[in-house]
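# Analysis of the macromolecular model
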Protein chains: 2
Amino acid sequence: MKKIGLKDVANSAGVSISLVSYVLNGQAVQKKVKKETAKRIIEAANNLNYKPDLIAKSLKMSKTHSIGLIVADIDYRYTSGITKAIEEEAKRCNYTVIYGSSNERRDAFVELINVFTNRRVDGLIIIPVEGCEDQLHLLQGYGIPYVLVDRLFKNIDSSYIGLDNFQASYNATEYLIKLGHKKIFFCNYHTTLFHLQERNRGYKKALLDYKIKFKPDWLIEIPNIPEDRYENVTHGLNDVFEKKKECDAVFFASDNLAICGLKYFIEKQIRIPDDVSVMSFDEYDEFEIFYCSITHSRQPLKEMGTLAVKTLVNLIEKRGVGKHITLKADLVAGKSCKEGMISV
Amino acid sequence: MKKIGLKDVANSAGVSISLVSYVLNGQAVQKKVKKETAKRIIEAANNLNYKPDLIAKSLKMSKTHSIGLIVADIDYRYTSGITKAIEEEAKRCNYTVIYGSSNERRDAFVELINVFTNRRVDGLIIIPVEGCEDQLHLLQGYGIPYVLVDRLFKNIDSSYIGLDNFQASYNATEYLIKLGHKKIFFCNYHTTLFHLQERNRGYKKALLDYKIKFKPDWLIEIPNIPEDRYENVTHGLNDVFEKKKECDAVFFASDNLAICGLKYFIEKQIRIPDDVSVMSFDEYDEFEIFYCSITHSRQPLKEMGTLAVKTLVNLIEKRGVGKHITLKADLVAGKSCKEGMISV
DNA sequence: ATAAATTATTTAAACGTTTAAATTTTTTAT
DNA sequence: ATAAAAAATTTAAACGTTTAAATAATTTAT
């Protein structure tokens, strides 16, 4: 079955191609098309079940109405949440999402940037990987608008939607301190990613403000390798609990780390919150099946995704200027932090 | 900065556009381009940082090298797992993924089919929604190849990658029976979706084969509305546990149902497996943070995603014929099923 | 030295749209 | 009845590629 094009509709309605184009694009009155002719054209289009070829349109208009989305890993709860919001908002704004995942690998990221620009996406939403600054510079050179999500590079001037990680981390730590915790461990990835470092900073600042002296071995650093995350967390926590270091609480800097930690605690029969308090950055819905609900900070994923699209579309259509938007996290109180600890 | 096209490269190298096209598409020898000329062209292309316009290419070749992926909800563990595998394999096959989510709504699904076909995707991978058979027929009419994943329609002849749901459900039920369970409840969505009905069938067949008389109130049916899933599961389980019906085990037909169930059991302080055994279809990694590991059937998500792409690409390129592939689930034994029950 | 064969390169049409400019038809004014 | 104005429609070029066919340049055979 041959594809139906404007030409076919034109023939069927007995008019020229351009008239069909005008009518089907809602320019009927502006171009002074006779009512009757317009009607005939529309009927013909319907009869033939005409479908515009968006590829041809894109070529002519140098506008694809598509945005590239590059995520770091769709299996992160953060990513699927934000992806969902992005797709929904994109639909609302009449854009289609072209999807790619770097899986935290630079080479895959570079490849995606390449393919997406060749595909002439109108813009990009990017959860970047470590060490991809050069690629972002490239995009700027090409004049392709993009917005970063979650992860920020200080030395790159771009639009950005993310969390106020410093504040969120500060608040979470403060929450623990106010409950009387003193020896607060912090489990984070060892990384150059700014947003994760901000969490360190928030944690340490809270300790400082409350006159708790931070001890270097309170920081449990995990290599950022998804495959053996659990082993690494186990190793880090063993270092605390096997050696019976004094520890009131462990604050996990991400949901995935927390999951590993909780698994560890179950295995070692360490009771939450009796033996140790637990705080998590980010959440899985499934936290709710832990025997005690986990206190955690919650990011407004839906809002972030929506804002990312809105900002990008603005950049694309209004040629607006880039900006940083940082949102606040909510602290969702569970039962994983011991209350009324004796202040020593 | 103006976009560099073949024309610019041609000018720079002092040759015609077609020669550039030949060389850059690896047809240099076939078209007998002089070695030296070819070299000059390649250099020019590099110098100017030429990037082919894939839109123009698509138009000319009537081939977009893109596949549409329509999921039902990216927040399902099943979906993100399979999406990950699909994107990876698509990359390997030189296809880009255009992503859309129906969020289980027919109207969104229809809209996506429309946009994707207008975008001239080469094919589609679809996790369909209830009642979208007409749309699949449309696709067949257009001659656009597609493969269904997870969910199957009996009355539609299409390629399909999914699980042997009947067998998986049968095996899980059998597992419970063999541990001595008699009163086995089954919690499933109330749905017309074939793959979920197959799970019912497997459950019932196992009971039958082991001469356990199925009682209608063992089937806990949950309306398929994500928003108030928890309330509905609670309601269903209350009907069992508040009324103190005799119940050895509850078999949840999906991971999301299981999560709700586990939450309920925690709230009501019903102990697993002491008070009741739990079996789940599908898993979340986070099952591992439940106080006892949950026995469940595991679908080979990665394999499914990979196969979906392979099958589709085959359909697209080799004009191969559609086929059904059903894979087997693994039963992952946890600690949520009581052992050595007295056979009454 | 010339024709034929081979090698190398260019021309031009096409893919399905959009749209400015040109043209034809109809209406209005005289 | 005719000119001018307005309304309706068509023509043709363009977007950036690919590729068959035409042409030009070089080599080989006579």
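Below is a short write-up of the structure.

Reading guide: rules and limits
- Residues numbered from 1 in each chain as written.
- Chains lettered and ligands numbered in written order.
- Predicted model: local features only at pLDDT ≥ 70, side-chain atom pairs only at ≥ 80, totals over all residues.
- Heavy atoms only, no water.
- Core = buried A, V, L, I, M, F, W, Y, C linked by side-chain atoms within 4.5 Å.
- Buried < 20%, exposed > 50% of the residue type's maximum accessible area, 1.4 Å probe, protein only.
- Pairing = 2+ DSSP bridges.
- Helix = DSSP H or I, 4+ residues; strand = E, 2+ residues; numbered from the N terminus.
- Axes fitted to C-alpha atoms, helices over the stretch in contact; angles between N-to-C directions.
- Contact = heavy atoms within 4.5 Å.
- Buried area = accessible area lost by both parts, 1.4 Å probe.
- Salt bridge = Lys/Arg side-chain N within 4 Å of Asp/Glu carboxyl O.
- Polar contact = N/O pair within 3.5 Å; in protein donor to acceptor, adjacent residues only side chain to side chain.
- Nonpolar A, V, L, I, M, F, W, Y, C, P; charged D, E, K, R; others polar.

Glancing now at the nonpolar core. With 161 residues, the main nonpolar core has F241, V250 and F265 of chain A together with F241, V250 and F265 of chain B as its most contacted residues. The next biggest cluster of nonpolar side chains, apart from the first, holds 41 residues, and it includes F109 and L152 of chain A together with C132 and L136 of chain B.

The next thing to look at is the sheet that holds strand 9 (residues 277–281) of chain B. The strands making up a sheet are joined through hydrogen bonds of the backbone, oriented either antiparallel or parallel. Residues and elements named next belong to chain B. Overall, mixed pairing links the 6 strands, which are arranged 7-6-8-9-10-12 in an open sheet. If you trace the sheet from one side to the other, it starts and ends with strand 7 (219–223) and strand 12 (330–332), each paired once. Taken over all neighbouring pairs, the strand axes of this sheet differ in orientation by 20° on average, direction set aside. In this structure, strand 10 (residues 295–298) lies alongside strand 12, joined through 3 bridges in antiparallel fashion. Pairing of R298 across the sheet is with D330, part of strand 12. Helix-sheet contacts for helix 9 (residues 194–209) involve strand 6 (184–190), strand 7, strand 8 (249–252) and strand 9, and the interaxial angle to strand 6 is about 165°. Together, strand 6, strand 7 and strand 8 form the strand contacts of helix 10 (residues 229–241), whose direction differs from that of strand 7 by roughly 160°.

So, on to the interface of chain B and chain A. Contacts between chain B and chain A engage 53 residues on the former and 53 residues on the latter. For the pair chain B and chain A, the summed buried surface comes to about 5000 Å²; carbon and sulfur atoms form 58% of the total. Inspection of the chain B/chain A interface yields 8 salt bridges. Note that D75 of chain B is salt-bridged to K84 of chain A, the shortest N-O span being 3.9 Å. The interface formed by chain B and chain A holds 27 residue pairs in polar contact (both at pLDDT 80 or more) in total. Among the secondary structure elements, those contributing two or more residues to the side of chain B that touches chain A are helix 4 (54–61), helix 5 (77–92), strand 2 (96–101), helix 6 (106–118), helix 7 (133–142) and helix 11 (255–267) of chain B. A total of 8 residues in the side of chain B that touches chain A trace back to one element, the largest contributor, which is helix 5 of chain B. When grouped by side-chain class, the residues that make up the side of chain B that touches chain A number 23 nonpolar, 15 polar and 15 charged. When strand 2 (residues 96–101) of chain A meets strand 2 of chain B, the two strands line up antiparallel, connected through 3 bridges. For V97 of chain A, the partnering residue across the bridge sits in strand 2 of chain B and is Y99 of chain B.

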